[in-house]
Amino acid sequence: MYQEERLIAILQHMQAHQRISVEEICELFQVSRDTARRDIVKLEEQGKILRTRGGAIWPSLNKDISGYRDRLQAESDVKRAIGRLAASLIHSGDYLFMDASTTVLHAAEQLRTDGHVIVTNSIDIAGLLSPKQGSTVHLLGGVVHPHHRFISGARTLEMLRDYQADKLILGTSGMTPDGLTNAFEEEGYVMKEMIRRADQVIVLADHTKFGLRQFYRVAGLDCIDIVITDRPPAEPMSEALRRHHIEILIAEEENER
């Protein structure tokens, strides 16, 4: 096995187990301890892992921040399926908060109910829903983040504090047993205020979000009522959701039906 292939396999192992020892690398790939150590050094130089005494650990803080358009394309079929299931939980006349997540945008695209009052900090969701008859859209004021298409700031929070909603449809950059996290603190403030002011919190998270921890902690799991995803999360995430009595709904892609 070439080193490049071995490095990929080591990363896959660490994604599942969060850590690896020099001995494990030797056993898994039938290499010497010196080769195992060189592999660990190489992965650390690439910024993929953190070296420890006798091995390496998976970094708990995820610093990868893709642009909005890239996130919209990533796992698009999965996000569409999650959005479709989320839209099926919305009843005509519901007052809704919708954050600026790309998965929430898919839910907005598939809304078939009417009579809604929708409050959002998403430029794209406001543009999508405002032409539709039978509902009213409130686009929160504030500072526009041009690359990630959300609105935030003091004015955003001030407006939010005057609203109350039946349901919040919320995306997340990462979810661990410690709660929901986001790469942007200012966007996290908006998400946190939406959570405070909604009667029911529905989180949309494809399988790639489980186990990821971003810079800013938005809320604990105790704030969540429903999680919609595309596959059951592994332990200990699954156990943490059960402990907080969170309903887990699994979305299926259309071609799997």
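Residues numbered from 1 in each chain as written. Predicted model: local features only at pLDDT ≥ 70, side-chain atom pairs only at ≥ 80, totals over all residues. Heavy atoms only, no water.

Looking at an unreviewed UniProt entry, one finds the protein chain named DeoR/GlpR family DNA-binding transcription regulator and attributed to Paenibacillus ehimensis.

**A closer look at the nonpolar core**
Operational definition: Note on terminology: a nonpolar core comprises buried Ala, Val, Leu, Ile, Met, Phe, Trp, Tyr and Cys residues joined through side-chain atoms within 4.5 Å. Only protein chains enter the calculation, and the probe is 1.4 Å; a residue is then buried if its accessible area is under 20% of its type maximum, exposed if over 50%, and partly exposed in between. Segments assigned H or I by DSSP are reported as helices when at least four residues long, segments assigned E as strands when at least two residues long, and all are numbered from the N terminus. Any pair of residues with heavy atoms lying within 4.5 Å of one another is described as a contacting pair.
Counting 30 residues, the largest nonpolar core has Met175 and Val203 as its most contacted members. For this core, the secondary structure elements donating two or more residues are helix H8 (154–160), strand S9 (165–171), helix H9 (185–196), strand S12 (198–204), strand S13 (216–219) and helix H10 (237–243). Top contributing element to this core by residue count: H9, with four residues. In this structure Met175 touches Leu180, Val203, Ala205, Lys209, Phe210, Gly211, Leu212, Leu221, Ile224, Val227, Met237 and Leu241, once residues within four positions along its chain are discounted. Counting residues in each nonpolar core, the second largest holds 23 residues, with Ala86, Ile90, Ala107 and Ile228 among its members.

**Structural notes on the sheet that holds S12**
Rules: Two strands form a pair only when DSSP identifies at least two bridges running between them. A fitted line through C-alpha atoms represents every axis, and for helices the fit uses only the stretch in contact; the resulting angles, taken between N-to-C directions, go from 0 to 180 degrees.
Across the sheet, seven strands lie side by side as S6-S5-S4-S9-S12-S14-S15; this open sheet has parallel pairing. Looking along the sheet, the strands with just one partner apiece sit at the ends: strand S6 (136–139) and strand S15 (247–250). Each neighbouring strand pair of the sheet contributes to a mean axis angle of 20°, computed without reference to strand direction. Relative to strand S14 (residues 226–229), S12 runs parallel, the two sharing three bridges. By the bridge assignment, Val203 is partnered in S14 with Val227.

**Examining the UniProt feature "domain: HTH deoR-type" (unreviewed entry) in the protein chain**
As a reminder of what qualifies: UniProt positions are given in the numbering used here, feature names are shortened, and annotations may be inferred rather than shown by experiment.
UniProt records the feature "domain: HTH deoR-type" (unreviewed entry) at residues 3–58, using the numbering of this structure. Along residues 3–58 the backbone is 64% helical and 16% strand, and the end-to-end C-alpha distance reaches 19 Å.

**Quick notes on the packing of aromatic side chains**
Keep this limit in mind: Aromatic contacts are taken between Phe, Tyr and Trp rings whose centres are within 6.5 Å, Trp giving its six-membered ring; a plane angle under 30 degrees counts as stacked, one over 60 as edge-to-face, and the others as tilted.
This model, assessed by the stated rule, comprises two aromatic pairs. Ring centres 5.7 Å apart and planes at 50° place the aromatic pair Phe150 and Phe184 in the tilted group. Placement of Phe150 in strand S8 (residues 150–152) and of Phe184 in the loop between strand S11 (179–182) and H9 is noted, with a sequence separation of 34 residues between them. An identical accessibility class is assigned to Phe150 and Phe184; each is buried. Ring centres of Tyr189 and Tyr216 lie 5.4 Å apart, and the angle between their planes is 85°; on these two criteria the pair is classed as edge-to-face. Within this pair, whereas Tyr189 is found in helix H9, its partner Tyr216 is found in strand S13, the two being separated by 27 residues in sequence.

**Some details on the pairing of S9**
Most of S9 sits out of view: six of its seven residues are buried. Taken together, the three bridges between strand S4 (residues 95–98) and S9 define a ladder with parallel strand orientation. Its bridge partner being in S9, Phe97 is matched across the sheet by Leu168. The pairing of S9 with S12 spans six bridges and is parallel. Counterpart to Leu168 in the pairing with S12 is Val201.

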